[in-house]
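Listed here are the chains, written in short residue letters.
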Amino acid sequence: MTISTPLLANEQQINLKIAMVTGNAQTPKVLDKLARQFERQNPQIKINFIEVKNSDFKPQIAGWLEKPVSADIISWHANERLFKFVRQDLILDVSDIWQTVGPQFPNNFLRHIKYQQNIYAIPYSYYQWGFYYKKSLFKRLNISPPKNWQQLLNMLEQMNKVNITPIAIGSFEPWAVSCWFEYLNLRLNGLQYHNSFVRGEISAHDHGIKQVFMHLQQLIELNAFADNANQRSIRESLPTLYREKAGITLEGSFIEGYIPDQFKHNIGFFEFPIINPQVENIQVSPIDILLIAKHTRHPNAAKQFLQFMASADSQTIVNQMLYQVPANIHAKTSSSNLLSSVVQSLA
């Protein structure tokens, strides 16, 4: 089944407004390439990207969904962040698209975009969060990537002894440090507990959440984080890694887009260490999706764009340029050695 709306002689051109996060240095180039390719295939539709920084994007999404003529399509995140708006009846059902493109995606992706009996988004990318480090520094200090929490603490203490700030972090944009809480909660309390907390079903005063902050306190007491972290973005914190002023940083794979080519061969990756061996070793791997605002005046044109973005060709363009992993199983991932090591941890 192909979803299409042929342009009739008396029809005017359709203008689709698509809100996207510009969280990567390559994002503008990616969007321009996608727009030109889609418009060649669909000359009756004009793509207008609304490009917004990550820190400004989240406060605006509710407005885009609630106000007509603001945005037809929005890039967002799967799971509870999507379902929150589904429950408010703000998202268009795209089950008809999934009937066509669904076989091109892993079976386990369905639960991240399906609410009750309907599909509300199309996934186009996902990326792993983990620790990045300079290989030559680890070799010089005779350090191996830690496998558990105590090994991590020991490593941080060793870095402190040689006047290296253990953890490079940029908290100028708060979203960039939220992964610390997410990983600690997953490693201590498990996926079901974490999801229940995100849905508001567990109090912030619960014992499990207190354990999360106790572990964060351990890092603070070790002076693990840079003093001026709140004055830096994640991108601005990276040079401290190359210059061996800092030892490790917790980032998503998209960060490779900000690493200069001359340093990439010397950057390694390891997973967030295990804390409780009885808890499943879940990786933080956000899924990027495209959803359609229910108020859109151009539902068919919007669905055409989602079907275009579901294709292997489109997802290859996006993910190779942004150093992320395509959701479509037929799309190609970047040949980067660093990204390959990240992908292996997701296997």
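Residues numbered from 1 in each chain as written. Predicted model: local features only at pLDDT ≥ 70, side-chain atom pairs only at ≥ 80, totals over all residues. Heavy atoms only, no water.

Undergrad: Please explain the overall build of the chain as it appears in this structure.
TA: The helix and strand inventory of the chain stands at 16 helices and 11 strands. Referenced to the eigenvectors of the C-alpha coordinate spread, the extents of the chain come out at roughly 75 × 45 × 35 Å. Going through the 347 residues of the chain one by one, you find that 54% of them count as buried. When contacts within the chain are restricted to residue pairs at least 6 apart in sequence, long-range pairs at least 24 apart make up 76% of them. When the accessible surface of the chain is totalled, it reaches about 16700 Å², and 48% of it is carbon and sulfur. Taking the average location of the 32 positive side-chain charges in the chain and that of its 27 negative ones, the two points are 4 Å from each other. (Helix = DSSP H or I, 4+ residues; strand = E, 2+ residues; numbered from the N terminus. Buried < 20%, exposed > 50% of the residue type's maximum accessible area, 1.4 Å probe, protein only. Contact = heavy atoms within 4.5 Å. Areas by Shrake-Rupley, 256 points an atom, 1.4 Å probe, with all protein chains shown as cover. Lys, Arg positive; Asp, Glu negative; His and termini not counted. Charge placed at Lys NZ, Arg CZ, Asp CG, Glu CD.)

Undergrad: It is not clear to me how the pattern of salt bridges should be interpreted in this structure. Could you clarify?
TA: Side-chain pairing between opposite charges can occur once the charged atoms of the two side chains come close. Counting across every chain of the model gives nine salt bridges. For Glu-39, the salt bridge identified is with Lys-46, shortest N-O distance 3.9 Å. On the accessibility criterion, Lys-46 (33% relative accessible area) is partly exposed. Three or more residues joined by partner-sharing salt bridges are found here, namely Lys-134, Arg-140 and Glu-244. (Salt bridge = Lys/Arg side-chain N within 4 Å of Asp/Glu carboxyl O.)

Undergrad: How should I be thinking about the pairing of strand β2 (residues 45-52) in this particular structure?
TA: Pairing of strand β1 (residues 14-21) with β2, which is carried by eight bridges, proceeds in the parallel orientation. What sits directly across from Ala-19, in β2, is Ile-50. Between β1 and its parallel partner β2, the chain crosses via helix α1 (residues 27-41), and the hand of that crossover is right-handed. (Pairing = 2+ DSSP bridges. Right-handed = clockwise from strand over helix to strand, strands pointing away.)

Undergrad: Help me out: how do you make sense of the packing of helix α8 (residues 178-189) against helix α9 (residues 191-198) in this one?
TA: Relative orientation and spacing of two packed helices are given, respectively, by the angle between their axes and the distance between those axes. Packing of α8 against α9 leaves a shortest axis separation of 7 Å and a crossing angle of 135°. Taken as axis vectors, α8 and α9 run oblique relative to one another. Where α8 abuts α9, its residues Phe-181, Glu-182, Asn-185, Leu-186 and Asn-189 lie against Leu-191, Tyr-193, His-194 and Phe-197. In the contact of α8 with α9, the residues fall into five nonpolar, three polar and one charged. (Axes fitted to C-alpha atoms, helices over the stretch in contact; angles between N-to-C directions. Parallel < 35°, antiparallel > 145°, perpendicular 65-115°, else oblique. Nonpolar A, V, L, I, M, F, W, Y, C, P; charged D, E, K, R; others polar.)

Undergrad: How should I be thinking about unusual backbone geometry in this particular structure?
TA: As a rule of thumb, non-glycine residues mostly have phi less than zero, and peptide bonds are mostly trans rather than cis. Its identity is not glycine, yet Asn-79 carries a phi of approximately 70°, on the positive side. Take Asn-79: its relative accessible area is 31%, and that puts it in the partly exposed class. Within the chain, Asn-163 stands out as a residue other than glycine whose phi angle is a positive 60°. One can find Asn-163 in the loop between α7 (149-161) and β8 (165-167).

Undergrad: Just checking my understanding: could you explain the sheet that holds strand β9 (residues 246-252) for this structure?
TA: As a general point, the strands of a sheet are linked pairwise by backbone hydrogen bonds and lie either parallel or antiparallel. Spatially, four strands are ordered β8-β9-β7-β10 in an open sheet, and the strand pairing comes out mixed. In the strand order of this sheet, the two ends are held by β8 and β10 (267-270), each with one partner. Between one strand and the next, the sheet's axes are offset by a mean angle of 30°, whatever the strand orientation. Of the strand pairs in this sheet, β8 and β9 are connected by two bridges, and their pairing is parallel. Counterpart to Ile-167 in the pairing with β9 is Ile-248. In the packing of α7 onto the sheet, contacts are made with β8, β9 and β10, and the angle to β9 comes to roughly 135°.

Undergrad: Sorry if this is basic, but what is going on with the sheet that holds β1 here?
TA: What the five strands build is an open sheet, ordered β2-β1-β3-β11-β6; its pairing is mixed. In this open sheet, the two edge strands, each paired with only one partner strand, are β2 and β6 (122-126). Sheet twist, expressed as the mean angle between neighbouring strand axes with direction ignored, is 25°. Across the sheet, helix α2 (residues 54-66) lies against β1, β2, β3 (73-77) and β11 (287-292), angled at about 125° from β3, the strand it touches most. In this fold helix α3 (residues 80-87) packs onto β3 and β11, with an angle of close to 130° to the strand it touches most, β3.

Undergrad: Looking at this structure, how should I read the pairing of β11?
TA: Of all six residues that make up β11, six are buried, and the element is covered over most of its length. Side chains of β11 alternate between two faces, with Ile-287, Ile-289 and Leu-291 and Asp-288, Leu-290 and Ile-292 buried alike. Pairing analysis gives five bridges linking β3 to β11, with the strands arranged antiparallel. Among the inter-strand pairings, Ser-75 is bridged to a residue of β11, identified as Leu-290. Pairing analysis gives four bridges linking β6 to β11, with the strands arranged antiparallel. Bridged to Ile-122 within β11 is Leu-290.

Undergrad: So what exactly am I meant to see when it comes to the packing of α7 against helix α10 (residues 207-221) here?
TA: Running from amino to carboxyl end, α7 crosses α10 at an angle of 20°, the nearest separation of the two axes being 10 Å. Judged on the interaxial angle alone, α10 and α7 are roughly parallel. Crossing of α7 over α10 shows right-handed handedness. In this structure, α7 contributes Trp-149, Leu-153 and Leu-156 to the contact, and α10 contributes His-215, Gln-218 and Leu-219. (Left-handed = near helix turned anticlockwise from the far one by under 90°.)

Undergrad: When you look at α7 in this model, what are you seeing that I'm missing?
TA: Because an α-helix completes one turn every 3.6 residues, residues spaced three or four positions apart along the sequence face the same direction. Relative to the 18 Å expected for 13 residues at 1.5 Å per residue, α7 spans 19 Å between its end C-alpha atoms, a close match to the ideal helical length. Trp-149, Leu-152, Leu-153, Met-155, Leu-156 and Met-159 are the residues of α7 that are buried. Considered in projection along α7, the buried side chains sweep an arc of 160° and stay on one side of the axis. Considering only its buried residues, α7 is in contact with α6 (135-140), β8, α8, α10, β9 and β10. Where α7 begins, one side-chain oxygen reaches toward the backbone nitrogen of Gln-150, 3.2 Å away; that side chain belongs to Asn-148. Where α7 ends, the next residue or the one after it, Asn-163, has phi of about 60°, a positive value. (Expected span 1.5 Å × (residues − 1). Arc of directions from axis to C-beta. Polar contact = N/O pair within 3.5 Å; in protein donor to acceptor, adjacent residues only side chain to side chain.)

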